[in-house]
Amino acid sequence: MIIEMKNIEKSFGGLEVLKDISFGVDSGEVVSIIGPSGSGKSTLLRCATFLETIDGGEIVYMGETAAHTDESGHAVYVSPQELRHFRKYCGLVFQQFNLFPHYSILKNLTDAPMRVQGLSRDEAEATAMDLLGKMGIADKAKAYPYQLSGGQQQRVAIARALAMKPEILFFDEPTSALDPELTGEVLKVIRQLAEEKMTMVVVTHEMPFAKAVSNRVIFMDGGVIVEQGDPKDVFDNPQEERTKQFLRVFER
Amino acid sequence: MSFSTMLSTMSAGMLRTFLIFALTLIGSLPLGMIVALLRKSRFAPVRGIIKAYISVMRGTPLMLQLLCWYFGPFYLFGWNIGSWRFPAIIVGFVLNYAAYFAEIYRGGIESIPTGQYEAAEVLGYTKFQTFMRIILPQVIKIIMPSVTNEVITLVKDTSLAFTLAYQEVFSLAKQISASQTSFMPFLIAGVFYFVANYVVEIVMSRVEKSMDYYK
Ligand SMILES: Nc1ncnc2c1ncn2[C@@H]1O[C@H](COP(=O)(O)OP(=O)(O)O)[C@@H](O)[C@H]1O
Ligand SMILES: [Mg+2]
């Protein structure tokens, strides 16, 4: 298991957003998370990547516990220094790309490996150019984010996350901010990563993509996992009424 | 008094004016950043004190503040303020301008989308690295036009040092004009301020251009 999240609880104020959610991802697995807006998908990813703190439950990366619930029922995290070690395991691709606008594309990819991981410039640039090549945008290395299309920016964001060599990469609706004609190029690189056995969790509304690429689909609603399983089973033969209802909307 | 004598007498004042200007910027630009960060402190009393400081600095005339800094120590503690004139001017200017710069910085910092912080956090940058490498460079670009305005105002505000009878260019212009019954000193002072601000505008637009490589 790359990551295991057990009995995750998370509230904002009085609002329970994650209610006893448990799931794990194996090495090389691609998991899609689908579900209506407000069901807690982003919150789950943000908890997994330590942008949010859980209220209860357990987060385990590579067999090492990052957070667990103590006797009093409160979630306790490892020290901030140790948490930095856990951050190395995971990457996150945002809906809004969140590239650094004042850095060139190349620097977006090399700055964190150099400043956070201590790589030399040569190493970092070699990795970065390699990744940009894979993303089909090697010619944009010297450009700045504003000069790129949304699809290109998102591919840079994926490359930036990969430059940190994470064990697992999370995607939060990576194509939702894109014009329809640009989603294909982003989905293509995610598909390519899946073929290379990159471990990934993708929150998406692109049902055909989820069905074709993922090993497992999770349907979330109201802060719980309603149904999960093989994509063919979940999409073609959903067991739960809520899943059926949700999928019906996408059939049209 | 000939024109050249006038000019050379006043040039000493120009130097003093420049000294106020330069020391104020050197002090208030960094201090403003500290104030802006304290303004967002986790500790409510710190935030309260900083807010009060900013509103007093912005809500009262700088001229009055200068008088308080200069005469305050005498009236409050009976101190001899003989050699306190210039330091009082600098303290008054720096604290006043730091408050204005702090508000400009705060506006700039708040305009950076949270996604920038989150992207940096996930990549493993420390809080300090995030601020210095990701946030601050973007803030500086955003606030440049407001900073330019403030710097131009400062060039003109230096004349307020005349309230403490400090012999900067404005005080000297008044004195010489009165003693020589001549309008020329005011003209010289006017040209001086204008040229100074012209230089400020050129320098600042260069700085802004140098940050034009991204949007
Ligand atoms: N920082 C926050 N503060 C308060 N409420 C939040 C916050 N983040 C998310 N929520 C709420 O949590 C719920 C789940 O949100 P989210 O995880 O973004 O859902 P999804 O990604 O599935 O659309 C929503 O009702 C949302 O309003
Ligand atoms: Mg979401």
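About the cut-offs
Residues numbered from 1 in each chain as written. Chains lettered and ligands numbered in written order. Predicted model: local features only at pLDDT ≥ 70, side-chain atom pairs only at ≥ 80, totals over all residues. Heavy atoms only, no water. Helix = DSSP H or I, 4+ residues; strand = E, 2+ residues; numbered from the N terminus. Buried < 20%, exposed > 50% of the residue type's maximum accessible area, 1.4 Å probe, protein only. Contact = heavy atoms within 4.5 Å. Lys, Arg positive; Asp, Glu negative; His and termini not counted. Charge placed at Lys NZ, Arg CZ, Asp CG, Glu CD. pLDDT = per-residue confidence, 0-100. Pairing = 2+ DSSP bridges. Phe/Tyr/Trp six-rings, centres within 6.5 Å; stacked < 30°, edge-to-face > 60°. Lys NZ or Arg CZ within 6 Å of the ring centre and 35° of its normal. Axes fitted to C-alpha atoms, helices over the stretch in contact; angles between N-to-C directions. 1 Å grid on protein atoms, 1.4 Å probe; cavity = no way out; pocket = protein on both sides within 12 Å on 5 of 7 lines; lining within 4 Å. Points joined across faces, edges and corners; volume = space filled by probe spheres on them. Nonpolar A, V, L, I, M, F, W, Y, C, P; charged D, E, K, R; others polar.

Undergrad: Just checking my understanding: could you explain the overall build of chain B for this structure?
TA: Each helix and strand in chain B was counted, giving eight helices and zero strands. Mapped from its N terminus to its C terminus, chain B presents α and β elements in the order α-α-α-α-α-α-α-α. In terms of its C-alpha atoms, chain B occupies a principal-axis envelope of roughly 70 × 45 × 25 Å. Out of the 215 residues in chain B, the part that is buried amounts to 46%. The contacts of chain B with a sequence gap of at least 6 include a subset with a gap of at least 24, amounting to 74%. Averaging the coordinates of the 17 positive side-chain charges in chain B and doing the same for the 10 negative ones gives two points 4 Å apart.

Undergrad: Sorry if this is basic, but what is going on with the confidence of the model for chain B here?
TA: In regions of low pLDDT, the predicted coordinates are not meant to be interpreted in detail. This prediction gives chain B a mean pLDDT of 95; 100% of its residues lie at or above 70. Scored as a whole, the predicted complex attains pTM 0.92, and scored at its interfaces, ipTM 0.95.

Undergrad: Honestly, the pairing of strand S8 (residues 168-172) of chain A in this entry has me stumped. Any pointers?
TA: Walk down a regular strand and you will see the side chains alternate between the two sheet faces. All names here are of chain A. Within S8, five of the five residues are buried, which leaves the element mostly enclosed by the surrounding structure. Alternating positions in S8 separate into two faces, Ile168, Phe170 and Asp172 on one and Leu169 and Phe171 on the other, with burial throughout. Pairing analysis gives five bridges linking S8 to strand S9 (residues 199-203), with the strands arranged parallel. Counted as the bridge partner of Asp172 is Val203 from S9.

Undergrad: What should I look at first to understand the packing of aromatic side chains in this one?
TA: The geometry of an aromatic ring pair is captured by the separation of the ring centres together with the interplanar angle, meaning the angle of the planes. Applying the stated criterion across every chain, the model contains 23 aromatic pairs over all chains. Seen in terms of ring centroids, Phe93 of chain B and Tyr97 of chain B are 6.5 Å apart; in terms of plane orientation they differ by 20°. Their pairing is stacked. Placement of the pair is Phe93 of chain B and Tyr97 of chain B together in helix H4 (residues 85-110), with a separation of four residues, close to one helical turn. A relative accessible area of 0% means that Phe93 of chain B is categorised as buried. Under the relative-accessibility criterion, Tyr97 of chain B is labelled buried at 1%. Members of the aromatic cluster, joined through ring pairs, are Phe50, Tyr61, Tyr77, Phe86 and Tyr89 of chain A. Its guanidinium or amino end placed over the ring of Phe100 of chain A, Arg160 of chain A lies 4.6 Å from that ring's centre, counting from NZ or CZ.

Undergrad: For this particular structure, what's the right way to read the sheet that holds strand S6 (residues 75-77) of chain A?
TA: Note on sheets: strands pair through backbone hydrogen bonds, and any given pair is parallel or antiparallel. Residues and elements named next belong to chain A. With respect to topology, five strands assemble into an open sheet ordered S2-S1-S4-S5-S6, the strand pairing being antiparallel. Each edge of the open sheet carries a strand with a single partner, namely strand S2 (15-25) and S6. The average undirected angle you get between the axes of adjacent strands in this sheet is 20°. In the sheet, strand S1 (residues 3-12) pairs with S2 via eight bridges, with the strands oriented antiparallel. Pairing of Phe12 across the sheet is with Leu15, part of S2. Along the sheet, helix H1 (residues 41-48) makes contact with S1, S2 and strand S4 (56-61), crossing S1 at roughly 120°. Its contacts with the sheet place helix H2 (residues 80-87) against S4, strand S5 (64-69) and S6, and it is angled at close to 120° to S5.

Undergrad: Mind showing me how you'd approach the layout of surface pockets here?
TA: Summary: where empty space remains is shown by rolling a probe the size of a single water molecule over the atoms. A volume near 840 Å³ is recorded for the largest pocket. Around the largest pocket, the lining is made up of 24 residues, and of these Tyr117, Glu121, Thr126, Lys127 and Thr130 of chain B lie nearest the centre. Those elements giving two or more residues to the lining of the largest pocket turn out to be H2 of chain A together with H4, helix H5 (114-123) and helix H6 (127-157) of chain B. The residue makeup of the lining of the largest pocket, split by class, is 11 nonpolar, five polar and eight charged. Considered as a void within the structure, the second largest pocket measures approximately 360 Å³ in volume. Around the second largest pocket, the lining is made up of 19 residues, and of these Phe21, Leu25, Val151, Val200 and Met204 of chain B lie nearest the centre. Taken together, the elements giving at least two residues each to the lining of the second largest pocket come down to helix H1 (3-39), H6 and helix H8 (184-210) of chain B. Broken down by class, the residue content of the lining of the second largest pocket amounts to 18 nonpolar, one polar and no charged.

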